Amino acid sequence: MKDCIPTNQAPIRLLASLLLAIAISRTHATSPEVLGAHEGWLDRMGTGIRELGRGNTGTLIEESSAASYWNPALIGLPKRTQIAMGADARTANRIGGFASVQGRASGQLGLGLSVVHRGDFDITAYDADEREIGTAKPQAIGSYLGLGLRTSRNQSFGVSVGWYSQYLDVGDGIGDVNVIGLVNVGWFRRIGDRFRVGAVVRNLGMDGDLNASFDQITLGEETVGGFERTSQDFWPKTLVVAGAWQDSLRGRPFELSVELLNYQLKPDLYALDANFHAQRLRWGGEWEAWPALQVRTGMDGMNISAGFGYELKWRRRPLHFDYAVTLEREVWSVNPMSVSIRYEL
Amino acid sequence: MKLPFPLRLSLKRPRLECLFRTTLCQGLRRKRSGFFILCMAWAISVPAQDNALVAKSIERVVSDGRFIWALADSGTSYSVVDFSLDPPGITTYQQSLPGLDDGQGRTRSILARYHHGTLSDSITVSGLVHLDRNNGLFSDSLLFTRGKEDGSASLSATHFTDMAIWRDTVFLATSQAGWTKVPLNPEGERPVAKPAVSWQGFAVGKDSLFKTMDCTFNAKECKTSSLDALAKKVGGLETIQALALDTADTAAIVLWLGTGHGLYKHVLGTDRVSHVGFPGVDDSLALNIQRIVVDSKAGKMWVFTSGRYAISLDRGISLQIPPDIGGLTKVSELQGFNATPDAFILGDTTWVNFKLDKPGLVLFKRDTVLRNEVAKGEPTELGDILLDAADSLAITREEGRLQNMTSVSFGAKTWVVLASSGKGLFFRDVKGGKTWSNISRQKTVQNGLMEVITFPTLFTAAKVNGEPEYVRIGYRLKKDSKVTITILNHAMEKVKTLVSQAPRKGGGARSEDPVEDRWDGLDSHGRRVSVGTYYVRVQSSNGDGGWGKILAVAGRQ
């Protein structure tokens, strides 16, 4: 039991302070910004089917295949190079997928690349007179190139640079986005044998206030017919604070992860007004129910997910199959079409 | 100017199917004509969306006997509605207005549209003239330009204001360049016989005419920059706001001119105008003439100022203000009489669209307003003439306006036809009918929320006729139930709940509420959403659910 208690209290105090700050800001919000109305939805949906099955809690999975997305501090931790890809089809013809590769570049240094895609291939468009005018196929792709550095046996840091493209498919580049320079900074630490903590600051940018802002062509309200203009938008800065507890259940490994996310919905260095902060809680559990078979469940905000992973050998190397099913509670839609494979070289 | 028509066009399935069927029928053409006719009847029976009215917003309606032409706001497409059929048959032409073909009839009516725009380094005012002949509409245009260096002090005043037609001559009025006569080509391929036209006008407070400028129809721009110098020289050019013809005496055709300084009369062939006053009306109320409506045969004339109106029953010799008697809703109490009224005369009845806050028509018998609401147990001659919920055709100011009207006849019946913005056409039998019928454009959607449409799917936040743009949501319920409509983003994060457990009718063609079931592009706290794809979830209390999609491109800032 004594092994379970973290010996170094500094990271715990830091995390506790962050959690307290987030909690206080939430209680002071009187007219909060609506998170769903903001950019950055691709980032908020997460990636990886294993992570999806456990409530999108991927910030502390040491062998995560898409660590450059979740937490670049994790990139250098696995000894083997991994490649992974997956697909995720959801209701209303939303589709998505990802591909990633990562491995050690040297003893302490790891490199990783993750590409996330989501889109819709079936938006039938009508004009104001209900006349069908075509079909739009908007797509969005986010890419993350990360670097992880182990500074000790139990601690690592990492940084990833992302670029994001949105193609709205309405012609003339209207609504399209190309952002280069989304920066995620991550930290990971093991405390004892069973406790892990970490934090990631996501979607930092290159301007003076570290905002990931961008210009895009929009159609404005000042003129009849909607003429083009240039508008500015941004990806919300996001603070992720995560903790994970490992134990055994019926003699098999069990892990519970909790992540608290704070989205800053204003392009300031730091917005003091609580109305410009939105929070989300994610939790997920994973249990090895049978040798090589893991079952998972979790919640990402109000969305409930479950899944399993199965490991087999292919050419003497581990090949992982992952599956997840998600219930999107806002609309009570069940999404059972999420699968991926992950291979360790 | 770049209009948002960016989505790729695709050929509609009904069109393809109709084309396939008609091609099959061609094989029977030379064999047995009876089979061929039956086959063609089958071929063209494919339901096509394009058989609907051209648009919900109709800019103008013009009449030609039993047909009316209904022009869309875009001005480039129209429907021909045949009132000899019951219900009226609609043929819609989606493409640009055709040019003149052979065998033209006489020009019956004329319409004008104009808009401001910028082409290269010049500010332009473009007038598009639509002419209605027996077998179609065609268009021609005049383009006024003013270089940026000349400023825009008088630009806003230099545009088309009104038109009239007599035989093969069109009279065009502008607000600052005076008026002109354009001879039409009755047989040729071009609508204008002589492209070069001269404009004439008169100075404020004067009665002699002079030439204001020359320009070329549809070939060369009209340079308006010299008008400022001319106006300065003569002490101000009179503004022509309305124009009408009295052609009862072909030897002395009268051109009535409404200006900012009152009503003027001009006999064609002379070089003078004469001011006509409103007897018994303060001169200050007889200014700013907005509309003149003349019935040459009956010798009747209506004149509308910006706040008053007068009638003449003797060809303009005497004008009088109609007594405000009768009706429970008095004309003087009707609110919103601030846009240019529209009127037409049918026998001894005049139908006036005052463009009121509560859209509808006001009827006059000679010079007396008729009752327009029903008192208890009291018979009315024409019943309720305001469009409201009692007609099941409610049109509110928020939803649209009555923009234009005309009449159409077939057999013993005559209908008055109204063009509205947002709700298509309204028509009513002027003799026997007391309720309005409606022709609009509505897509057939699958039942039970299997299909949810959004229109327009592309949300731009553009203002239409000064009104904010909305994305409307169309759906169809199997039976009466309560619906909840939610806007979400791609991640299914809720943006806004439009309605929650709102009762909706089922079993009909469509179930949506046009006022409540629409999205203004804002989130639940009234802030504009980011550019992207948004999803509309329509959930009914009987368990059905459907999805619609919106492409929002207005941007947050």
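Residues numbered from 1 in each chain as written. Chains lettered and ligands numbered in written order. Predicted model: local features only at pLDDT ≥ 70, side-chain atom pairs only at ≥ 80, totals over all residues. Heavy atoms only, no water.

Draft legend 1. The arrangement of the environment of B:Arg308 in detail. All names here are of chain B. Inspection of the secondary structure puts Arg308 in the loop between strand S19 (300-305) and strand S20 (309-312). Overall, Arg308 belongs to the partly exposed group, its relative accessible area being 35%. Distance from Arg308 to Ala286, taken between C-alpha atoms, is 7.6 Å for residues 22 residues apart in sequence. (Helix = DSSP H or I, 4+ residues; strand = E, 2+ residues; numbered from the N terminus. Buried < 20%, exposed > 50% of the residue type's maximum accessible area, 1.4 Å probe, protein only.)

Draft legend 2. Summary view of the side chain of A:Glu51. Residue and element names in this part refer to chain A. On the secondary structure map, Glu51 appears in helix H3 (residues 49-53). The buried charged residue Glu51 lacks any salt bridge partner; its closest oppositely charged side chain belongs to Arg50, at an N-O distance of 6.1 Å. Ignoring anything within four residues of it in the chain, the contact list for Glu51 reads Asn56, Thr57, Gly58, Ile61, Ser64, Ser65 and Trp70. (Lys, Arg positive; Asp, Glu negative; His and termini not counted. Salt bridge = Lys/Arg side-chain N within 4 Å of Asp/Glu carboxyl O. Contact = heavy atoms within 4.5 Å.)

Draft legend 3. Looking closely at the nonpolar core. Residues and elements named next belong to chain B. Counting 25 residues, the largest nonpolar core has Tyr475 and Ile485 as the members making the most contacts within it. Put simply, the parts of the chain that give this core at least two residues each are strand S31 (471-474), strand S32 (481-489), strand S33 (494-504), strand S35 (532-540) and strand S36 (545-552). A per-element tally of this core places S33 first, with four residues. Counting 18 residues, the second largest nonpolar core, distinct from the first, contains Val170, Met213, Cys222 and Ala231. (Core = buried A, V, L, I, M, F, W, Y, C linked by side-chain atoms within 4.5 Å.)

Draft legend 4. Looking closely at the sheet that holds strand S14 (residues 240-246) of chain B. All names here are of chain B. Spatial strand order, S14-S15-S16-S17: four strands in an open sheet with antiparallel pairing. On the outer flanks of this sheet lie S14 and strand S17 (274-276), each paired with one strand and no other. In this sheet, adjacent strand axes meet at a mean angle of 30° when their direction is disregarded. Bridge analysis of strand S15 (residues 254-259) against strand S16 (residues 262-267) gives six bridges, and the strand direction is antiparallel. Counted as the bridge partner of Leu255 is His266 from S16. (Pairing = 2+ DSSP bridges. Axes fitted to C-alpha atoms, helices over the stretch in contact; angles between N-to-C directions.)

Draft legend 5. Region of the structure containing the sheet that holds strand S25 (residues 402-410) of chain B. All names here are of chain B. On the basis of which strands lie adjacent, the open sheet formed by four strands has the order S25-S26-S27-S28 and antiparallel pairing. The open sheet has two edge strands, S25 and strand S28 (437-439), and neither has a second partner. Strand-to-strand twist across the sheet, computed as the mean angle between neighbouring axes with direction ignored, equals 25°.

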